[in-house]
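Observations on the model geometry
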Amino acid sequence: MDEERKYYIDFIKIISTFLVIFNHTGNTGFLAFQGQDNIILKVIEILCSSFCLVAVPLFFMCSGVLLLSKAESISGLYKKRVVKYLTVILVFTLGYYVSLSLYGHAQMSLWWILNTLYSTTTFSFSGSYWFLYSYVAFLIMLPIFRIIAKHITREIMIYICTLYFVFGGMLPLLEYTFGFGNIALAIPFVTNPAFFYPLVGFYIEENDISYFRNKKIMFAAMIMTAISFVSSTVISLLSLRQDQFINEYLTIFEGFIVIFVFILGRDAFKKVKLTSKIKKVIQQISSCTFGIYLIHGFVFTFMIRTDTIYTGIGYVDSWLMVFFVFLIGLLVTYILRKIPIIRCLF
C-alpha cells in the first residue's frame, strides 16, 4: 500500500498550503510591493507573489490525480464528498462570524450569514473560502470529467493547453495592453482552474509525457515560464503607476509555471529515496493541510484584533509569521483530528 501512495502529492499539498497562507498576508506580505519604493525589491516581491499564486492550481492538479481515476456512483460522490464540503463551508463560515462577534466587529444578522454563504462576497478571511466553492463545482462536474479523462489523448491535451495559451494568456495580455474589455467569446473550460488543472494533472500522472521532454519543447516551456513572470511583473508595475492594479495581473500565463512546478516536484520525488520516518512525517502533515487552510484565517483574525505580531512587520517577518501560522494550524488540526465527530470535516 505504501508503494502506491504518491508522496509527491503530499509534499505539493504541504508547500501549497504554506503559499496559500502567504497569499492572505495582505499589505504586510503578498501585497507589500504596493508600498515598496525600491524598484528592485518591488520587482522581487511581485515575482514572489506571482509565484505563490500557483498554490490553488496545484491543489486542483493533485485532486485530478487522486480523483479522476476513481470509480464511484453519483450518489456516492455526493454523500462522501459534496455534502462534506458544503458542511465545511457552513460550519467554518458560521465559525468565522462568531469569531468576529467576539471581537465586537459583527452584529447578529441572518442576512449577512446567508449572503456570505451564497456569494462569499464578504470581508477579510472568510472570503478565502472561495476555493471551497470552486472545489465543490469541480466535484459536481467530476462524473463528466472522469469520462473526459479516460479518453483524453496527447493531441487533445496539446489542444487544451493551446486554448489556455490563447484565452488564459495572450488575450488577457492584449486586453490590458490595448485597453480592451473582456472578450465575449469565453471558454471557461480552459480558464477556470477547477476544470483545467485537474485534467492536466491527471494526464501528466497517467500518461507517458516523454514526448514533451524533448529539447525544443522543454526550451519552449522555459521561455513561456519566463514570459509569464516578465509579463506579470511589467503589467503589475504599469498598473500600479495608474492605480489600476488587480491580482489577476499576477496570473498571466500562470498555467505554464504551475505545470512546470508540478512536474518538477513529481520527478524529484521519484528520484529521491525517502526513509519510512520521513514518509510518515510527510503523510501526517499532509493529512492536516486542509485543516490548516480552514483554520489559518482564524489565527490571522486573532492576530489582527489583538495586535499580535501582525501589524507593522516587515516583508521578511511576514514569511516568518506564515511559518508560525502554519505551525499553529498544524497543531490545532492534529488535535481536532483526534475528535471523531470533528475528524470527518478534515
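Scroll up for the structure.
Figured I'd write up the structure that's included with this text.

**A short note on the overall build of the protein**
In terms of regular secondary structure, the protein is built from 15 helices and zero strands. In the protein, buried positions account for 46% of the 346 residues. Taking the intrachain contacts of the protein between residues at least 6 apart in sequence as the baseline, contacts between residues at least 24 apart amount to 78%. By element, 68% of the accessible surface of the protein is carried by carbon and sulfur atoms, the whole surface being about 18200 Å².

**Here we look at the packing of aromatic side chains**
To describe a pair of aromatic rings, you give the distance between the ring centres and the angle between the ring planes. One pass over the structure, following the stated rule, counts 27 aromatic pairs. Measuring from centroid to centroid gives 3.9 Å for Phe-22 and Trp-319, while their planes differ by 10°, and the two rings are stacked. With a gap of 297 residues between them, Phe-22 in helix α1 (residues 7–23) and Trp-319 in helix α14 (residues 315–336) connect regions that are remote in the sequence. The class of Trp-319 is partly exposed, set by a relative accessible area of 24%. Between Tyr-85 and Phe-290, the aromatic rings sit 5.4 Å apart at their centres with planes inclined by 65°, giving edge-to-face as the arrangement. Residue Tyr-85 is located in helix α4 (residues 74–102), and its partner Phe-290 is located in helix α13 (residues 289–306); the two are separated by 205 residues in the primary sequence.

**Here we look at a nonpolar patch on the surface**
Taken together, the side chains of Ile-39, Ile-40, Leu-41 and Ile-44 present a nonpolar region at the surface, about 370 Å² in accessible area. The residue Leu-41 is located in helix α2 (residues 39–52) in this model. Here Leu-41 falls in the partly exposed class, since its relative accessible area comes to 39%.

**Quick word on helix α11 (residues 254–271)**
For α11, spanning 18 residues, the distance from its first C-alpha to its last is 26 Å, which sits close to the expected 26 Å at 1.5 Å a residue. When α11 is considered as a whole, its buried residues turn out to be Glu-254, Gly-255, Phe-256, Ile-257, Val-258, Ile-259, Phe-262, Gly-265, Arg-266, Asp-267 and Phe-269.

**Remarks on the environment of Leu-185**
Within the secondary structure layout, Leu-185 lies in the loop between α7 (154–178) and α8 (188–191). Once the C-alpha coordinates of Leu-185 and Phe-167 are considered, the two residues, 18 residues apart in sequence, prove to be 9.2 Å apart.

**Section: α2**
Look at α2: 20 Å from first C-alpha to last across 14 residues, which is about the 20 Å you get at 1.5 Å a residue. Along α2, the positions that sit buried rather than exposed are Lys-42, Glu-45, Ile-46, Ser-49, Ser-50 and Cys-52. For α2, the buried positions fall inside an angular range of 160° around the axis, keeping them on one side. On its buried face, α2 is in contact with α1, α3 (55–67), α10 (215–241) and α14. Here α2 starts with a cap whose side-chain oxygen sits 2.9 Å from the backbone nitrogen of Ile-40, and that cap is Asn-38.

**Let's talk about the packing of α3 against helix α6 (residues 130–150)**
One can describe the packing of α3 onto α6 by two numbers: an axis separation of 12 Å at closest approach and a directional angle of 30°. Considering their axes alone, α3 and α6 lie roughly parallel with respect to each other. Where α3 crosses over α6, the two elements pack in a sense that is right-handed. Here Val-56, Phe-59, Phe-60, Ser-63 and Leu-67 of α3 lie close against α6, whose contacting residues are Trp-130, Phe-131, Ser-134, Tyr-135, Phe-138, Leu-139, Leu-142 and Arg-146.

About the criteria used
Residues numbered from 1 in each chain as written. Predicted model: local features only at pLDDT ≥ 70, side-chain atom pairs only at ≥ 80, totals over all residues. Heavy atoms only, no water. Helix = DSSP H or I, 4+ residues; strand = E, 2+ residues; numbered from the N terminus. Buried < 20%, exposed > 50% of the residue type's maximum accessible area, 1.4 Å probe, protein only. Contact = heavy atoms within 4.5 Å. Areas by Shrake-Rupley, 256 points an atom, 1.4 Å probe, with all protein chains shown as cover. Phe/Tyr/Trp six-rings, centres within 6.5 Å; stacked < 30°, edge-to-face > 60°. Patch = residues over 30% accessible without salt bridge, like charges linked within 9 Å, V, L, I, M, F, W, Y side chains within 5 Å. Salt bridge = Lys/Arg side-chain N within 4 Å of Asp/Glu carboxyl O. Expected span 1.5 Å × (residues − 1). Arc of directions from axis to C-beta. Polar contact = N/O pair within 3.5 Å; in protein donor to acceptor, adjacent residues only side chain to side chain. Axes fitted to C-alpha atoms, helices over the stretch in contact; angles between N-to-C directions. Parallel < 35°, antiparallel > 145°, perpendicular 65-115°, else oblique. Left-handed = near helix turned anticlockwise from the far one by under 90°.

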